[in-house]
Amino acid sequence: MILVGNGRVITRDPASPYFEHGAVLIDGDKIAAVGDESALRAANPDADYVDAHGGVIMPGLVNCHTHIYSGLARGLSIKGCNPTNFLENLEQQWWKIDDNLTLDGTRASAYATVLDSLRDGVTTIFDHHASFCEIPGSLFAIKDVCEETGIRACLCYETSDRRGEEKRDQSIAENAEFARWAATQDSGMIAAMFGGHATFTLSDETMDKMAEANDGLTGFHIHVCEGMNDVWDSRLNRGGISPIERLLQHDLLGPRTMLGHCIHVTPAEMDIIKETGTHIVNNPESNMGNAVGCAPVLEFFRRGIPVHMGTDAYTHDMLESLKVFLIIQRHNAAMPNVGWVEAMTMLFQNNPAMASEYFGRTIGLLAPGAAADVIVMDYPVFTPFSDENIDGHMLFGMMGKNCRTTIVNGKVLYKDREFVAFDEERINAWTLEQSKKLWGELNERSY
């Protein structure tokens, strides 16, 4: 047993939302009890004690869209990369990286992403991977890293026609093989979706092959209308229909499918998304950084479309993403009183709901029987604090770097700002060597 105490407990459980002097009791991989610390400590004197040092004890955060393959890009400047639009950014930067990503590069990227996520209090990730240099085995390589480091992860591979039929077929096979493997597991730690890049790099034949290979195993995770490229391609080259209509025709929509971005979808496409029960994941910082626009998330909510929050790997800090989401939505609407409910619903309700669906556990809640994903945030309180205003404190007072302790599936991985479940120094040294190899290939020089 583990008892996390000496802190203010935010449960996200409407039945018992807040304990001023609270504690969380963990038994194995589940939460056994939540309540006042004095009572829990008296009843469980032999439990291993994790001291929150007066901080905030809360559920771990969920990132519904990230890209492990970008993990070694920090500080990288690729020779000749000077994009003036979204497609050029893909061609000059991201596709060059994944074209040179070996299996070891993929493993190193996974280490970099997972360690940063855990430091920022993220206990579950939905990743969308690409490594066209070496595709077979790439999802299993990421899976091995996730199991070693202890994060909860739902993985898929980015199917695309952009590197020819052989690479496309390898991408489809990797998705299908991993999804079949994941379907046999019951750990609640690793899950699978079936990935697709974006409709402008997916032919009708490829979409059919994806649906056939998936055969109902899982949902799809696809970028849609991030830039205008999907729109132009569908209208000019695919029979004049919209990207969402194409996905509908090829049976890629539904209640377990998550569409990334959806910035340039039309009202008619929104109707299709709503009627099929399909989900959307918004990535505000990435959209701003790529200069592709602001997704109409307020309208998605008005229509009853479930929307989630991701980072697109622009950051691994979900609270940073939360802040930027609210700012861009208010700026775009020219109204300072919108977006609050949507922001909090996405991060604290919809993201955990998607994770709970895919991992078969109650995630994002501190309550008996829920998955034991718990984080502790350093947060000295100098204004009134309770469940009535926790969202305001998180939005304006906390960042991922406030996280001091991260527990996933009942295992303490990061305690008092140090990794305790694995050797961070060893991992960082090996990751640095892999990043030097990748950078050397990209820029034809030594590092």
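Residues numbered from 1 in each chain as written. Predicted model: local features only at pLDDT ≥ 70, side-chain atom pairs only at ≥ 80, totals over all residues. Heavy atoms only, no water.

- The chain is annotated in an unreviewed UniProt entry as Aminohydrolase SsnA from Thermophilibacter provencensis.

## Structural notes on the overall build of the chain
Consideration 1: A count of helical and extended segments in the chain gives 15 helices and 18 strands.
Consideration 2: The C-alpha radius of gyration computed for the chain amounts to 21 Å, which stays within 12% of the reference 22 Å derived for 447 residues, consistent with globular compactness.
Consideration 3: Across its three principal axes, the chain shows a C-alpha extent of roughly 70 × 50 × 40 Å.
Consideration 4: Here the chain holds 447 residues, and the buried ones make up 60% of them. (Helix = DSSP H or I, 4+ residues; strand = E, 2+ residues; numbered from the N terminus. Rg over C-alpha atoms; globule rule 2.2 N^0.38 Å. Buried < 20%, exposed > 50% of the residue type's maximum accessible area, 1.4 Å probe, protein only.)

## Some words on the sheet that holds strand 9 (residues 190-192)
Consideration 1: Read from one edge to the other, the open sheet built from 4 strands follows the order 6-7-8-9, with strand pairing classed as parallel. Looking along the sheet, the strands with just one partner apiece sit at the ends: strand 6 (61-66) and strand 9. Taken pair by pair, the neighbouring strands of this sheet meet at an average axis angle of 15°, ignoring direction.
Consideration 2: In this sheet, strand 8 (residues 152-157) lies alongside strand 7 (residues 122-129) in parallel orientation, the contact comprising 6 bridges. Across the sheet, isoleucine 125 pairs through a bridge with alanine 153, a residue of strand 8. (Pairing = 2+ DSSP bridges. Axes fitted to C-alpha atoms, helices over the stretch in contact; angles between N-to-C directions.)

## Thoughts on the state of the cysteines
Consideration 1: Taken as a whole and judged by the stated rule, the model has 0 disulfides.
Consideration 2: Here cysteine 262 stays unpaired: no disulfide links it, and the sulfur of cysteine 225, its closest cysteine neighbor, is 6.5 Å away.
Consideration 3: Exposure remark for cysteine 262: the relative accessible area of 0% places this residue in the buried category.
Consideration 4: Here cysteine 403 is not cross-linked by a disulfide; its sulfur's nearest cysteine counterpart is in cysteine 146, at 17 Å. (Disulfide = S-S within 2.5 Å.)

## Remarks on the nonpolar core
Most often, soluble globular proteins keep nonpolar side chains buried together rather than apart.
Consideration 1: In this structure, Ile244, Leu247, Leu259, Phe300, Leu319 and Leu322 are the most contacted members of the largest nonpolar core, which totals 102 residues.
Consideration 2: Among the elements that make up this core, the one with the highest residue count is helix 3 (residues 103-119) (6 residues).
Consideration 3: Ignoring anything within four residues of it in the chain, the contact list for isoleucine 244 reads Val224, Leu253, Leu259, Val265, Glu269, Ile272 and Ile273.
Consideration 4: One finds Ile2, Val4, Val374 and Ile407 within the second-largest nonpolar core, a separate group that totals 17 residues. (Core = buried A, V, L, I, M, F, W, Y, C linked by side-chain atoms within 4.5 Å. Contact = heavy atoms within 4.5 Å.)

## Here's the deal with helix 14 (residues 390-397)
The periodicity of an α-helix, 3.6 residues per turn, causes residues three or four positions apart to be oriented the same way.
Consideration 1: Looking only at helix 14, the buried set comprises Ile390, Asp391, His393, Met394 and Leu395.
Consideration 2: Looking at the packing, one finds that the buried side of helix 14 touches strand 1 (2-10), strand 5 (56-59), helix 12 (318-333) and helix 13 (340-359).

## Points about the UniProt feature "domain: Amidohydrolase-related" (unreviewed entry) in the chain
Consideration 1: Feature annotation in UniProt places "domain: Amidohydrolase-related" (unreviewed entry) on residues 56-412, given in this structure's numbering.
Consideration 2: In this annotation, residues 56-412 is assigned 44% helix and 17% strand; the end-to-end C-alpha distance for the span is 16 Å. (UniProt positions renumbered as here; feature names shortened; annotations may be inferred.)

## Brief notes about the packing of helix 12 against helix 13
Consideration 1: Two numbers describe how helix 12 lies on helix 13: the axes approach to 9 Å, and their chain directions differ by 150°. The angle between helix 12 and helix 13 falls in the class roughly antiparallel. Regarding helix 12 and helix 13, the two cross each other, and that crossing is right-handed. Across the interface between the two elements, Met318, Leu319, Leu322, Phe325, Leu326 and Arg330 from helix 12 touch Trp340, Glu342, Ala343, Met344, Met346, Leu347, Phe348 and Asn351 from helix 13.
Consideration 2: Across the contact of helix 12 with helix 13, the residue classes tally to 11 nonpolar, 1 polar and 2 charged. (Parallel < 35°, antiparallel > 145°, perpendicular 65-115°, else oblique. Left-handed = near helix turned anticlockwise from the far one by under 90°. Nonpolar A, V, L, I, M, F, W, Y, C, P; charged D, E, K, R; others polar.)

## Regarding the pattern of salt bridges
Consideration 1: Scanning the entire structure with this criterion turns up 29 salt bridges.
Consideration 2: The residue aspartate 104 makes a salt bridge to arginine 107 at a minimum N-O spacing of 2.8 Å. You can see aspartate 104 and its partner arginine 107 sitting in helix 3, 3 residues apart, about one turn around the helix.
Consideration 3: Taking the relative accessible area as the measure of exposure, aspartate 104 reaches 31% and is therefore partly exposed.
Consideration 4: The salt bridge involving arginine 168 is made with glutamate 205; its shortest N-O contact spans 3.6 Å. One end of the pair, arginine 168, is in helix 5 (residues 164-183); the other, glutamate 205, is in helix 6 (residues 204-214), and 37 residues separate them in sequence.
Consideration 5: Three or more residues joined by partner-sharing salt bridges are found here, namely Arg74, Asp116, Arg119 and Glu424. (Salt bridge = Lys/Arg side-chain N within 4 Å of Asp/Glu carboxyl O.)

## Considering helix 13
Consideration 1: In a regular helix each residue adds 1.5 Å, so 20 residues correspond to 28 Å; helix 13 covers 28 Å between its end C-alpha atoms and thus fits that length.
Consideration 2: Of all bends in helix 13, the biggest is about 40°, found at methionine 346.
Consideration 3: For helix 13, the buried fraction is high: 14 of the 20 residues fall into the buried class.
Consideration 4: Following helix 13 by one or two positions, glycine 360 has its phi on the positive side, about 65°. (Expected span 1.5 Å × (residues − 1). Bend = angle between axes of the 7 residues up to and from the residue.)

## Describing the packing of helix 13 against helix 14
Consideration 1: With their axes 12 Å apart at the nearest point, helix 13 and helix 14 run at an angle of 90° to one another. Classified by the angle between their axes, helix 13 and helix 14 sit roughly perpendicular to one another. In contact with Trp340, Met344 and Phe348 of helix 13, helix 14 contributes Asp391, Gly392, Met394, Leu395 and Phe396.

## Some words on the sheet that holds strand 14 (residues 307-309)
Consideration 1: Taken in spatial order, the 5 strands line up as 10-11-12-13-14 in an open sheet, and their pairing is parallel. Looking at which strands have only one partner, the edges of the open sheet turn out to be strand 10 (194-198) and strand 14. For this sheet the average axis-to-axis angle between neighbouring strands, irrespective of direction, equals 25°.
Consideration 2: Across 3 bridges, strand 13 (residues 279-282) lies against strand 14 in parallel orientation. Paired with valine 281 across the two strands is histidine 308, which belongs to strand 14.

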